[in-house]
Amino acid sequence: MSVVTRKSVLGVPTYEPEDGEKYMSSNQQAYFHNVLVAWYNALCSQTSDLKEVLQGNENFIDELDRASQEESQRMTLRSSDRRRKLQKKVSEAIARLQQGEYGFCKTCGESIGLSRLTVRPTAEQCINCKTVSEIYEKRGQE
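What comes next concerns the included structure. Keep in mind that what you see is a predicted model, and the values were worked out from it rather than measured.

1. Section: the overall build of the protein
Step number 1: Secondary structure assignment for the protein yields four helices and zero strands.
Step number 2: Relative to its full complement of 142 residues, the protein shows a buried share of 25%.
Step number 3: Of all intrachain contacts in the protein linking residues separated by at least 6 positions in sequence, the fraction that spans at least 24 positions is 48%.
Step number 4: Roughly 10400 Å² of accessible area belongs to the protein as shown, and the carbon and sulfur atoms make up 50% of that amount.

2. Structural notes on the pattern of salt bridges
Step number 1: If you walk through the whole model with that rule in mind, you get six salt bridges.
Step number 2: As a salt-bridge pair, Lys85 and Asp81 come within 3.5 Å of each other at their nearest N and O atoms. Of the two residues, Lys85 and Asp81 are both situated in helix α2 (residues 63–98); the distance of four residues between them amounts to about one turn of the helix.
Step number 3: Classification of Asp81 as partly exposed rests on a relative accessible area of 30%.
Step number 4: Between Arg96 and Glu124 there is a salt bridge, with its nearest N and O atoms 3.3 Å apart. Of the two residues, Arg96 is situated in helix α2 and Glu124 in the loop between α3 (114–119) and α4 (127–141); the sequence distance between them amounts to 28 residues.
Step number 5: The class for Arg96 is buried, based on a relative accessible area of 12%.
Step number 6: In this structure, a network of salt bridges that share partners links the residues Asp81, Arg84 and Lys85.

3. Here's the deal with the environment of Arg84
Step number 1: Tracing the chain through its elements places Arg84 in helix α2.
Step number 2: Remark: the alpha-carbon pair of Arg84 and Leu43, spanning 41 residues in sequence, is separated by 8.1 Å.

4. Quick look at the state of the cysteines
Step number 1: Following the criterion strictly, the structure yields zero disulfides and no others.
Step number 2: Summary of cysteine pairing: Cys105 is not part of a disulfide, and the nearest cysteine sulfur, belonging to Cys108, is at 3.7 Å.
Step number 3: No disulfide involves Cys129; its nearest neighbouring cysteine sulfur is the one of Cys126, lying 3.6 Å away.

5. Thoughts on the packing of aromatic side chains
The relation between two aromatic rings is expressed through the spacing of the ring centres and the mutual angle of the planes.
Step number 1: Scanning the model with the defined rule gives four aromatic pairs in all.
Step number 2: Pairing Tyr23 with Phe104 gives two aromatic rings, centres 5.3 Å apart and planes at 90 degrees, and the pair type is edge-to-face. One end of the pair, Tyr23, is in the segment before α1 (26–54); the other, Phe104, is in the loop between α2 and α3, and 81 residues separate them in sequence.
Step number 3: Overall, Phe104 belongs to the partly exposed group, its relative accessible area being 35%.
Step number 4: Ring geometry for Phe32 versus Tyr102: centroids 5.5 Å apart, planes at 50 degrees, classification tilted. In this pair, Phe32 is assigned in helix α1 and Tyr102 in the loop between α2 and α3, connecting sequence segments 70 residues apart. Side by side, Phe32 and Tyr102 carry an identical accessibility label, which is buried.
Step number 5: Ring pairs connect the aromatic residues Tyr15, Tyr31, Phe32 and Tyr102, which therefore count as one cluster.

Calculation criteria
- Per chain, residue numbering runs from 1 following the sequence as it is written.
- Reporting of local features is limited, given that this is a predicted model, to residues whose pLDDT is at least 70; pairs of side-chain atoms are given and counted only at 80 or more, and all residues count toward the totals for whole chains, interfaces and linings.
- Side-chain calculation: all heavy atoms of the structure are included, whereas hydrogens and water are not.
- A run of DSSP states H or I qualifies as a helix once it reaches four residues; a run of E qualifies as a strand once it reaches two. Both are numbered from the N-terminal end.
- Exposure classes here rest on a 1.4 Å probe applied to the protein chains alone. A residue is buried below 20% of its type maximum, exposed above 50%, and partly exposed in between.
- In what follows, a contact means two residues having at least one pair of non-hydrogen atoms within 4.5 Å.
- In this description, accessible areas are obtained by the Shrake-Rupley approach with a 1.4 Å probe, and a residue is regarded as covered only by the protein chains that are shown.
- Basic side-chain nitrogens of Lys or Arg form a salt bridge, by our definition, when they fall within 4 Å of a carboxyl oxygen of Asp or Glu.
- By disulfide we mean two sulfur atoms from cysteines, separated by a distance within 2.5 Å.
- Pairs were defined over the aromatic rings of Phe, Tyr and Trp, the Trp ring being its six-membered one, requiring ring centres within 6.5 Å. Orientation was assigned from the angle between planes: stacked under 30 degrees, edge-to-face over 60, tilted for the rest.

Below is the structure:
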């Protein structure tokens, strides 16, 4: 029987904590550092494609072709803006990791949890504080 090594989307091997391992051990910190850096690098490489897409200034005779190109450029800019915001969040998570604050809720100081960080490596709040925050956010919008 062969052992299958699971890998995350970014190609970083998944992390399986050892029994009794301390939360945010050096191994866990190294794992999340690798995930965040790989994610940041992937986002940066996607940004370089933006310039090529936006430089497509062809002279279209057909108005539908022009409209299609403009819509494509608008969607590319929108996607680029979301990517830029995500890059900032990933960069901030890397900084928190370097400062020893990564993995702990910015609101209550409790651990965020490995399972939550595995799914959302940029998480700044534990699930309880995030839930309360979203409830207040929703009330403010009503």
